[in-house]
Every structure is written in C-alpha cells, then in structure tokens.
Amino acid sequence: MVTLLVATRSVGKAREAKALLEAAGVTVVLPADQGLAELPEEEHLEVGTTFAENAVAKARYFARRSGMPTVADDSGLEVTALGNAPGVQSKRWAGAFGVPLAVDQANNAHLLSELAGVPDGERQAQYRCALTLIDPEGGRLVVVEGVVRGHILTEPRGTNGFGYDPLFFCDLLGKSFGQATAEEKDRVSHRAEAFRALLEEICPAPFNTVKGQL
Ligand code: IMP
C-alpha cells in the first residue's frame, strides 16, 4: 500500500487531493497528522517564477521535515487578457492576509476589477496545477502538470469550491466551479488532471485499473 504526505495547509486542496488519491488506493496523510506544526518559514517557500519550481520547493521542504514520500501542489489562475496573471501570485494577488475566506474574497474582487470592461469573448482563463512527488528514500522526483480551461464570469456563481471558483466558468462542465459539486470538479479539474498524470508515473498496474475511473 502506498502512503503519501500531501504537503498542503489548504483545506480545499487537501480535500481534493485526498479524494483523488484515495480513489486510487493511495493512503494520504497531511502535515498536521504527522505533527508538523505550521512554521512562518512556510510562507517563503513559494518564491519561484513557475508553478513547477514552487511545487518542488514545497515537496522538498516537507519531505525533509517528514522523511516521507511527499506530494506538493502549486497551482493558480492564468487569465489570458491579463498576460496570464495572477499565475504564481494567485494566492496573494490582492495583497490580503487573514482567514482563507477573506483572502479569497479580496482576490475575487481584484479579479473583477482588473477585468472590468473586458467583453465576454475576451475573458478566457485556465487553472494550472503543478504536482511534485519526492521520495527521500529512492531519491525520486516526479513533476507533472494539469490544466482546465474556461472563462471569468462578470459576477460570482455558486459558493462551492474555494479561491476563484465562483468566478471560473468551466467549459467542460458548462457551469462555474462554484456551482459544481465536489465530484464534478474532481472529474475535470487541473488538479485531477495532474493527479492522473502523477498516478500514471508512480502506480503499479493494479492501481491503474482504479485510476482509470477517476
Ligand atoms: P498556492 O498553490 O498555495 O500557492 O495557491 C494557489 C492559489 O491559486 C489558491 O490560493 C487559489 O487562489 C488559486 N487556486 C488554485 N487552485 C484553485 C482551485 O482549484 N480553485 C480555486 N482557486 C484555486
């Protein structure tokens, strides 16, 4: 049985990662389960210019602290009309700190104001997720990415998900991620695509059968 540490403090990301990995027979533990207290230095792990760089930095850090095979996600929103901003700045784009809901609300308000006056046909966007697996024992490093395309709405729809989800209309689902159920989002999201690619890399044949149903 494969056990992985999922290196995130985000409740939303942890829920999605757990659902996607556990469906493939992987046991997931979180930093808090391992007694890894949240340290101020974690705020400074994401200083890279790409999602992949940041995911590698997070996975290295938590693999060192836990000694376990560790998966880290770095993800965000890329808006075409904004030159792919906020990108790696997605989490702190509006400069807000505090509880996740307040940070998300500030980011969403900022997104709407940056896109004010941009017509419907020019609001394309995508979420991108880079995932890294580091196995300290075998010295193995895997990096994969997933993308999901859509556009940015002019007002929020739905309250499900987290982050920019109420403003992100997903082309594949024909609704916003804020309106989608967790199961719907987990079928098509950037994170789901990245986890599928990661499972291809790490799972022996019996897991692949289950993984095909994700
Ligand atoms: P980080 O990967 O922890 O640096 O932050 C990712 C940020 O990108 C989150 O705080 C959200 O603002 C945004 N983001 C990434 N994935 C999602 C998603 O699935 N839904 C909504 N927002 C997301």
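Every chain's residues receive numbers from 1 upward, in the order its sequence appears when written. Where totals are concerned, whole chains, interfaces and linings use all residues; where local detail is concerned, this predicted model gives features only for residues with pLDDT of at least 70, and gives and counts side-chain atom pairs only at 80 or more. Side-chain calculation: all heavy atoms of the structure are included, whereas hydrogens and water are not.

### Overview of the packing of helix 1 (residues 11-22) against helix 5 (residues 190-202)
In step 1: Where helix 1 meets helix 5, the axes come as close as 10 Å, and the angle between the chain directions of the two elements is 45°. Put simply, helix 1 runs oblique to helix 5. Classified by chirality, the crossing of helix 5 by helix 1 is right-handed. Between helix 1, through K13, E16, A17, L20 and L21, and helix 5, the contact on the second element is made entirely by R191, A192, F195 and L199.
In step 2: Of the residues contributing to the contact of helix 1 with helix 5, the split by class is six nonpolar, no polar and three charged. Between N-to-C directions, angles span 0 to 180 degrees; the directions come from axes that are lines fitted to C-alpha atoms, helices contributing only their stretch in contact. Labels follow the DSSP assignment, with helices taken as runs of H or I lasting at least four residues and strands as runs of E lasting at least two, numbered in each case from the N terminus. Throughout this description, any angle smaller than 35 degrees is read as roughly parallel, any larger than 145 degrees as roughly antiparallel, any in the 65 to 115 degree range as roughly perpendicular, and the remainder as oblique. By definition, any crossing whose near helix is turned counterclockwise from its far helix by less than a right angle is left-handed, and any crossing with a clockwise turn is right-handed. Note on contacts: a residue pair is in contact if any heavy atoms of the two residues lie within 4.5 Å. Three classes are used, and their members are as follows: Ala, Val, Leu, Ile, Met, Phe, Trp, Tyr, Cys and Pro are nonpolar, Asp, Glu, Lys and Arg are charged, and the others, Gly among them, are polar.

### Focus on the environment of D186
In step 1: Inspection of the secondary structure puts D186 in helix 4 (residues 182-188).
In step 2: Buried, partly exposed and exposed residues are distinguished by accessible area as a fraction of the type maximum, computed with a 1.4 Å probe on protein chains only: under 20%, between the cut-offs, and over 50%, respectively. The exposure class of D186 is buried, given its relative accessible area of 10%.
In step 3: When the C-alpha atoms of D186 and A19 are compared, they prove to be 7.9 Å apart, with 167 residues separating the residues in sequence.
In step 4: When neighbours within four sequence positions are excluded, D186 is seen to be in contact with R15, E16, A19, L20 and A192.
In step 5: Within polar-contact distance, the side chain of D186 engages the side chain of R15 at 3.4 Å. Polar contact is defined as a pair of N or O atoms within 3.5 Å, subject to the rule that within protein one atom must be able to donate a hydrogen and the other to accept it, and that residues adjacent in sequence are counted only when both atoms are side-chain atoms.

### What about the pairing of strand 5 (residues 124-135)?
In step 1: With nine of 12 residues buried, strand 5 is to be regarded as a mostly interior element.
In step 2: A pair of strands is considered paired only if DSSP assigns at least 2 bridges between the two. Note that strand 3 (residues 70-79) and strand 5 share 10 bridges and pair antiparallel. Note on strand 5: the bridge partner recorded for D73 is L131.
In step 3: What sits between the antiparallel neighbours strand 5 and strand 6 (residues 140-152) is a turn of four residues, in which G139 has the positive phi angle 70°.

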